[in-house]
Amino acid sequence: MAIFSVYVVNKAGGLIYQYDNHVPRTEVEKTFSFPLDLVLKIHDEKVVVSFGQRDGIRVGHAVLSINGVDVNGKNTSEGKEILEYLKDPANYPVSIKFGRARLSSNEKLMLASMFHSLFAIGSQLSPEVGSSGIEMLETDAFKLHCFQTLTGIKFIVLADPRQTGIDALLRKIYEIYSDFALKNPFYSLEMPIRCELFDQNLKGSLEVAEKAATFGPVS
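The rules we used
Numbers given to residues run from 1 along each chain, matching the order in which its sequence is written. Totals for whole chains, interfaces and linings use every residue, but because this is a predicted model, local features are given only for residues with pLDDT of at least 70 and side-chain atom pairs only at 80 or more, for both listing and counting. Each side-chain value is worked out from all heavy atoms of the structure, with water and hydrogens disregarded. Within this scheme a cavity is a closed region of a 1 Å grid, computed over the protein atoms alone, that accommodates a 1.4 Å probe without allowing it to escape, whereas a pocket is open but has protein on both sides within 12 Å along at least five of seven lines; lining residues each have an atom within 4 Å of a point. Grid points are joined across faces, edges and corners, and a volume is the space filled by probe spheres set on the points. Helix and strand assignments follow DSSP, with helices taken as H or I runs no shorter than four residues and strands as E runs no shorter than two, numbered in order from the N terminus. When residues are grouped by polarity, Ala, Val, Leu, Ile, Met, Phe, Trp, Tyr, Cys and Pro land in nonpolar, Asp, Glu, Lys and Arg in charged, and all others, Gly among them, in polar. For this analysis, a ring pair means two rings from Phe, Tyr or Trp (six-membered ring only for Trp) whose centres lie within 6.5 Å, classed as stacked if their planes differ by under 30 degrees, edge-to-face if by over 60, and tilted for the remaining angles. The buried label applies to any residue whose accessible area, calculated with a 1.4 Å probe on protein chains only, is under 20% of its type's maximum; exposed applies above 50%, and partly exposed to all values in between. For a ring to carry a charge above it, either NZ of a lysine or CZ of an arginine must fall within 6 Å of the ring centroid while also lying within 35 degrees of the normal to the ring plane. Note on pairing: two strands pair once DSSP finds at least 2 bridges between them. Axis angles are defined between N-to-C directions and span 0 to 180 degrees, where every axis is a line fitted to C-alpha atoms and, for a helix, only to the segment in contact. The contact definition used throughout considers only heavy atoms, calling two residues in contact when any of these lie within 4.5 Å. Remark: nonpolar core denotes a set of buried residues (Ala, Val, Leu, Ile, Met, Phe, Trp, Tyr, Cys) joined through side-chain atoms within 4.5 Å. In the sections that follow, a salt bridge refers to a side-chain nitrogen of Lys or Arg positioned within 4 Å of a carboxyl oxygen of Asp or Glu.

J.: Honestly, the layout of surface pockets in this entry has me stumped. Any pointers?
T.: Estimates place the volume of the second largest pocket at around 250 Å³. Around the second largest pocket, the lining is made up of 15 residues, and of these Glu135, Cys146, Phe147, Gln148 and Arg171 lie nearest the centre. Put simply, the parts of the chain that give the lining of the second largest pocket at least two residues each are strand S10 (143-148) and helix H3 (166-182). In terms of residue count, S10 provides more of the lining of the second largest pocket than any other element does, four residues in total. For the lining of the second largest pocket, the per-class residue count stands at seven nonpolar, five polar and three charged.

Following this line, the structure appears as structure tokens:
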């Protein structure tokens, strides 16, 4: 079982903390000869597969590295456009690693803001007054758990669907936030959390939760 990531969103919908605890990656690296038998395109400043699937490479997978060197968005590490680079027969044979596109910091900020809006919509759609909003979203690959405090701070955990004890973990994260962020004289309310003690205690709590498949006190 695994806990994938933790997000903390302020009452205005801004992402003030994010930590990737366990990111399962399905990556495939293959050596290709010219011409490349996959169709690539640029999407969201990344080069992704738009047509052709083989050997575990799927439509939507992004180019992660070329010849063992990580790419930078739509460009190689040398600053050359990937699509132009792959059009040149002189660059073959070439080793390309494909996988799920990594979220950029800006994309994480945007997704946190979108969830904040979705949370508000969920509250407004409720037939009863005083709805708690969205507490869980479930997919076949993960569950999103959300706990909102009385002050409007949202603590979000993405975990394996089989992981138990998440409600207790969310409240433990709130406790860590109260002890090591709010009580920090250098922390400004609603601003990004940059506190080493917060990081250490959060990571310790996630490790305990994963090992026990439920939550218990950090030893």
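J.: Quick question: what am I supposed to make of the packing of aromatic side chains here?
T.: Pairs of aromatic rings are described using the distance from one ring centre to the other and the angle between the two planes. On inspection of all chains with the given rule, the structure shows seven aromatic pairs. Judged by centre distance (6.1 Å) and plane angle (80°), the ring pair of Phe32 and Phe98 falls under edge-to-face. Here Phe98 lies in strand S8 (residues 94-99) and Phe32 lies in strand S3 (residues 28-32), a separation of 66 residues in the sequence. The same class applies to Phe32 as to Phe98, namely buried. An aromatic cluster of at least three residues, connected via ring pairs, comprises Phe147, Phe155, Tyr174 and Tyr177. Geometry around Phe119 places Lys154 over its ring, the cationic atom sitting 4.7 Å from the centre. Directly above the aromatic system of Phe147 lies the positively charged group of Arg171, at a separation of 4.4 Å from the ring centroid.

J.: Could you clarify how one ought to interpret the sheet that holds strand S2 (residues 15-20) in this entry?
T.: Each strand in a sheet pairs with its neighbour through backbone hydrogen bonds, running either in the same direction (parallel) or in the opposite one (antiparallel). Pairing is antiparallel in the open sheet, where five strands are placed in the order S2-S1-S11-S10-S9. Of all strands in the sheet, those with a lone pairing partner are S2 and strand S9 (136-138), marking the two edges. Taken over all neighbouring pairs, the strand axes of this sheet differ in orientation by 10° on average, direction set aside. Inspection of the sheet shows S10 paired to strand S11 (residues 154-159) by six bridges, in the antiparallel sense. Counterpart to His145 in the pairing with S11 is Val157. Here helix H2 (residues 105-125) sits on the sheet in contact with strand S1 (3-9), S2, S9, S10 and S11, set at roughly 115° to S2. Lying on the sheet, helix H4 (residues 196-212) is in contact with S1 and S2; it crosses S2 at an angle near 45°.

J.: Explain the nonpolar core to me, please; I cannot follow it from the model alone.
T.: Within soluble globular proteins, side chains that are nonpolar tend to cluster in buried spots. Counting residues in each nonpolar core, the largest one holds 25 residues, and the members touching the most others are Ile3, Phe155, Val157, Tyr177, Ile193 and Phe198. Listing elements by their share of this core, those giving two or more residues are S1, S2, S11, H3 and H4. Per-element accounting of this core gives the leading share, seven residues, to H3. The residues touching Tyr177, leaving out its near neighbours within four places in the chain, are Ile153, Phe155, Leu182, Tyr187, Leu189, Ile193 and Phe198. Membership of the second largest hydrophobic core comes to 18 residues, among which are Leu38, Leu40, Ile57 and Tyr85.

J.: Is there a simple way to think about the pairing of strand S5 (residues 46-51) in this case?
T.: Successive side chains on a regular strand alternate, one facing one side of the sheet and the next facing the other. Across five bridges, the pairing between strand S4 (residues 39-43) and S5 is antiparallel. Counterpart to Val39 in the pairing with S5 is Phe51. The hairpin formed by S4 and S5 contains two residues between the paired strands, and Asp44 there has a positive phi angle of roughly 55°.

J.: Sorry if this is basic, but what is going on with the pattern of salt bridges here?
T.: Close approach of charged atoms allows side chains with opposite charge to pair. Here the structure, examined in full by the defined rule, presents ten salt bridges. Here Asp20 and Lys108 are joined by a salt bridge, their closest N and O atoms 3.0 Å apart. One end of the pair, Asp20, is in strand S2; the other, Lys108, is in helix H2, with 88 residues separating them in the sequence. Asp20 sits in the partly exposed class, given a relative accessible area of 33%. On the accessibility criterion, Lys108 (14% relative accessible area) is buried. With its nearest N and O atoms 2.9 Å apart, the salt bridge here joins Asp37 to Arg54. Here Asp37 is found in the loop between S3 and S4, whereas its partner Arg54 is found in the loop between S5 and strand S6 (62-66), with 17 residues between them in sequence. On the accessibility criterion, Asp37 (46% relative accessible area) is partly exposed. A single network of salt bridges, built from pairs that share partners, joins Asp37, Arg54 and Asp55.

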